[in-house]
Amino acid sequence: MNKIQIKRVYAAPEESDGVRVLCDRLWPRGVKKDALKYDVWAKEITPSPEIRKLWHHGEMPYEGFSEAYIEELDASDGAAAFVKKCRDWLADRNVTLLYGAKNEQENHALVLQAWLGRKVKE
């Protein structure tokens, strides 16, 4: 099986990216719409505006954000459908989740990558 990887939208595309999925609800700052190479913009798997704002404003720690986001993903029909698409894609290529956050150690794409990794194996 291939892998689910993450990459900032500002990094150059590579052949090994496979299916490139933009996993931000908002369009990334400073990126022209015709300049970003992506296959799918999956808004249905992004954190809700409520938890995203709480976390970004420092009102929710990363651990709390992660838990809340996982709860949203577990309850989402759109996320469940996305897991099925990922299984199909992973049969013959990688899936790369594209995100715009500056923080590479704490961001929603890391939470999503781990969650998807568990779900595609179920």
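Going by the structure above, here's the rest.
Everything quoted here is computed from the prediction, not taken from an experiment.

(A) Up close: the overall build of the chain. Along the chain, the regular secondary structure elements total four helices and four strands. Starting at the N terminus and walking to the C terminus, you meet the elements of the chain as β-β-β-α-α-α-β-α. Relative to a compact globule of 122 residues, whose C-alpha radius of gyration would be 14 Å, the chain shows 14 Å and is just as compact. Taken along the three principal axes of its C-alpha coordinates, the chain extends 40 × 35 × 25 Å. Counting over 122 residues, the chain shows a buried share of 41%. Pairs at least 24 apart in sequence give 64% of the contacts found in the chain among residues at least 6 apart. Split by element, the accessible area of the chain, about 7100 Å² in all, is 49% carbon and sulfur. Taken together, the 20 basic and 20 acidic charged side chains of the chain have centroids lying 5 Å from each other.

(B) Just the sheet that holds strand E3 (residues 40–41), in detail. Strand order in the open sheet made by the four strands is E1-E4-E2-E3, with parallel pairing throughout. Each edge of the sheet is formed by a strand with only one pairing partner; in this case those strands are strand E1 (4–8) and E3. Summarising the sheet, strand E2 (residues 19–22) and E3 pair through two bridges and their orientation is parallel. Bridge pairing in E3 links Leu22 to Trp41. Against the sheet, helix H4 (residues 108–119) engages E1 and strand E4 (95–99), with an angle of about 170° to E1.

Basis of the calculations
Residues numbered from 1 in each chain as written. Predicted model: local features only at pLDDT ≥ 70, side-chain atom pairs only at ≥ 80, totals over all residues. Heavy atoms only, no water. Helix = DSSP H or I, 4+ residues; strand = E, 2+ residues; numbered from the N terminus. Rg over C-alpha atoms; globule rule 2.2 N^0.38 Å. Buried < 20%, exposed > 50% of the residue type's maximum accessible area, 1.4 Å probe, protein only. Contact = heavy atoms within 4.5 Å. Areas by Shrake-Rupley, 256 points an atom, 1.4 Å probe, with all protein chains shown as cover. Lys, Arg positive; Asp, Glu negative; His and termini not counted. Charge placed at Lys NZ, Arg CZ, Asp CG, Glu CD. Pairing = 2+ DSSP bridges. Axes fitted to C-alpha atoms, helices over the stretch in contact; angles between N-to-C directions.

Just geometry here; none of it tells us what the structure is for.
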